[in-house]
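Examining the three-dimensional arrangement
Below are the chains, spelled out letter by letter.
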Amino acid sequence: MAGAVEQLIEELSRLPGIGRKTASRLTFYLLKQPRESASRLSDAILQVKDRISFCETCGNIAEGRTCTYCLDPRRDESVICVVEEPSDIHVIEKSGGFRGRYHVLHGRLSPLDGVGPEALNVDRLAERVRQGGVEEVILATNPDVEGEATALYLRRALAPLGVRVTRIARGIPMGGSLEFLDEITVGEALAGRREL
Amino acid sequence: MRLTEVRLEQFRNLVDVGLEVPPEGAVLVGSNGQGKTNFLEAIHYLSRFRSFRGSAHVDAVAFGAGHFRIEAGFTSDGRSRTLAVSADRERRRILLDGAPIGRPSEAAGTLLAVSLRPEDLELVTGSPSARREYVDELLGLASRPYRRALAEYDRVLRQRNELLRSGRGAAQLEAWDESLISSGVPIVISRAHLVRRLADRFARTAARVAAEDDGYAIAYRPSVPVDSAAAERESDVREAWSRALVDRYEVDRVRGWTTVGPHRDELEIVKGGRGLERFGSQGECRTAAVALRLMEAELLEADTGRRPILLLDDVFSELDGGRGERLLEWLGDRHQRFVTSPRPLAWLTDGLAAWRVSAGRIECPAPAAAG
């Protein structure tokens, strides 16, 4: 195969979720597109790298030194919601149920992947809490083994700072009928019940 | 629960078998290597969606064929149902009453079967992991949360072991310890509860098979240092385990793996106070193995209200003296049963149809006069 084609397949197949088969399909699709369409794509990729960086306060993606959530004066500074990745913020924002600030860890603890606390954006979180004005830290890491361990680690790390630390609930989705839920979800929802 | 018909295609050496099944079951008679055990394996596969030989499903495809298919009609709670599974190198399809099933776990246990095999001796004389697997399968069949707890615990354990090996985990160790305990506590409690429920039953069953009341017993020996009563109390397990993790930290760190937790539990099987794993005679160990399997059947029946089918693979030639006859007599005709035997023993075939198995073909002679 021609060198340039092979190289593009190679580069694309490095992206998450893309195998060689998909990469070669994308490559041959791009090959058939007009030059300007390919140029728009390559520009967009470069723009992301050149213009977007990480917020100095919370670690979210930002155009400039601070992200839009940290700049927005209407958002509640006393609550920080901690997430694993910037994409998680998008999900929480869509829910419309949160008006506080965020903090992005850029990963989660996983010794098997060689990820320890020093690789995560943790020190900055402690610093933000220490600066004062923060009353609650909500831990919204994923409800899997690594996400739970990360939450437990953060709870311990934040404990000496005297801030209230909470964990997002696991349970029954809205509009879900009990009948169709598996027993694990129902069990967790029962364990996490609250007073009405 | 009773099978009414069975169809097999390309399942090991059973290339094309179609049978109507009598309600009481059948004895499969034939020399070794003719396909008797393969028939039992096929029924077992429909019940658990995995082989009792521990092999991958593609290995069960007949030599030179591309796929296998097992299909059965059966009655359960007075309903007529069908269950079919077909598999090739790529994928496996399960049809329950003609409708496709996404995940095997959704249909596992629809057809209940319990196998008794010569290899069960391993349960008693083999390593502790064989007995943990036995306990886990009993608990897992009835409970999806238990299966998930096992998977979660295994993942946390691998993370913690990696942390110990890497030698630079002090900062996050406590978080992983807490995760380990949280995911492992339900496993300890479930196992302790199960073994307590089963202990009397086991003693009774073993005594009956052996025709002697010689103190057969099982006991749960958790790796977390608590006695079996405390092992059912969450706070006791948590406390003892976190103390043990601290005490054993140096040992764990040097070895590079976690030395205390349910992955090191033992199900102890004794007779008259002696551990059978090391001190049992062949006959005693066989008796205990049979009792464990019969208990599996009783437990499934108690939990589901349905009576499992029994698959008895060459069990009677392995049991000495009158144990085989007593076992069969005790089983009576409560369960539908399929028994393999190299010879058509009169006491064995009494009341059961005798099927001749030869080179992958199963022949059913005309039904004998009712008796």
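So, how was this worked out
- Residues numbered from 1 in each chain as written.
- Chains lettered and ligands numbered in written order.
- Predicted model: local features only at pLDDT ≥ 70, side-chain atom pairs only at ≥ 80, totals over all residues.
- Heavy atoms only, no water.
- Helix = DSSP H or I, 4+ residues; strand = E, 2+ residues; numbered from the N terminus.
- Rg over C-alpha atoms; globule rule 2.2 N^0.38 Å.
- Buried < 20%, exposed > 50% of the residue type's maximum accessible area, 1.4 Å probe, protein only.
- Contact = heavy atoms within 4.5 Å.
- Buried area = accessible area lost by both parts, 1.4 Å probe.
- Salt bridge = Lys/Arg side-chain N within 4 Å of Asp/Glu carboxyl O.
- Core = buried A, V, L, I, M, F, W, Y, C linked by side-chain atoms within 4.5 Å.
- Domains from an automatic or database assignment.
- pLDDT = per-residue confidence, 0-100.
- 1 Å grid on protein atoms, 1.4 Å probe; cavity = no way out; pocket = protein on both sides within 12 Å on 5 of 7 lines; lining within 4 Å.
- Points joined across faces, edges and corners; volume = space filled by probe spheres on them.
- Nonpolar A, V, L, I, M, F, W, Y, C, P; charged D, E, K, R; others polar.

Side note on the overall build of chain B
In terms of helices and strands, chain B carries 12 helices and 15 strands. A compact globule built from 371 residues would reach a C-alpha radius of gyration of about 21 Å, and chain B, at 23 Å, matches this within 12%. Dimensions of chain B along its principal axes, counting C-alpha atoms only, are 75 × 50 × 35 Å. Out of the 371 residues in chain B, the part that is buried amounts to 50%.

Quick word on the interface of chain B and chain A
Across the boundary between the two partners, chain B contributes 18 residues, which contact 22 residues of chain A. Overall, the association of chain B and chain A removes approximately 1,800 Å² of surface from exposure, summing both partners, and the carbon and sulfur fraction of that is 59%. Looking at the side of chain B facing chain A, the largest losses of area belong to Arg148(B), Gln172(B) and Glu178(B), adding up to 26% of the total buried there. On the surface where chain B and chain A come into contact, there are 4 salt bridges. For Glu174(B), the salt bridge identified is with Arg156(A), shortest N-O distance 3.3 Å.

Regarding the nonpolar core
All names here are of chain B. Core analysis: the biggest nonpolar cluster contains 71 residues, and Val-124, Phe-202 and Trp-241 have the highest contact counts within it. No other element matches the 15 residues that helix H6 (residues 170–210) contributes to this core. Ignoring anything within four residues of it in the chain, the contact list for Val-124 reads Arg-131, Ile-269, Leu-276, Glu-277, Cys-285, Ala-288, Ala-289 and Leu-292.

Some thoughts on the domain arrangement of chain A
Along its sequence, chain A is organised into domain 1 (3–51) and domain 2 (74–167). Each of domain 1 of chain A and domain 2 of chain A has a C-alpha centre, and the two are 34 Å apart.

Considerations on the environment of Leu267(B)
Residue position: Leu267(B) is located in strand S10 (residues 266–271). Remark: the alpha-carbon pair of Leu267(B) and Pro128(B), spanning 139 residues in sequence, is separated by 7.1 Å.

Considerations on the confidence of the model for chain A
Per-residue confidence for chain A gives a mean pLDDT of 91, with 98% of residues at or over 70. Of all the helices and strands in chain A, helix H8 (residues 183–191) of chain A carries the lowest mean pLDDT, 78, while strand S4 (residues 100–104) of chain A carries the highest, 97.

A few points about the layout of surface pockets
Taken as a whole, the largest pocket encloses approximately 1,200 Å³ of empty space. The wall of the largest pocket is formed by 35 residues, among which Arg170(A), Glu188(A), Glu152(B), Ser182(B) and Ser183(B) lie closest to the centre. Elements with a contribution of two residues or more to the lining of the largest pocket: helix H7 (145–158), strand S6 (164–167) and H8 of chain A together with helix H5 (144–166), H6 and helix H7 (234–247) of chain B. Examining the composition of the lining of the largest pocket, we find that 8 residues originate from one element, H6(B), more than from any other. Its residues placed into classes, the lining of the largest pocket shows 16 nonpolar, 8 polar and 11 charged. Considering only enclosed or pocket space, the second largest pocket measures out at about 890 Å³ in volume. Lining of the second largest pocket is provided by 30 residues; of these, His44(B), Arg48(B), Arg50(B), Glu133(B) and Glu137(B) occupy positions nearest its centre. Elements that contribute at least two residues to the lining of the second largest pocket include exactly helix H1 (36–48), helix H2 (104–107), strand S8 (113–116), helix H3 (121–125), helix H4 (128–142), H5 and helix H10 (282–304) of chain B. In terms of residues, the lining of the second largest pocket owes the most to one element, H4(B), which gives 7 residues. Taken together, the residues of the lining of the second largest pocket break down into 10 nonpolar, 6 polar and 14 charged. Built from parts of two domains, the lining of the second largest pocket gets at least three residues from each of domain 1 (1–112 + 307–371) and domain 2 (118–305) of chain B.

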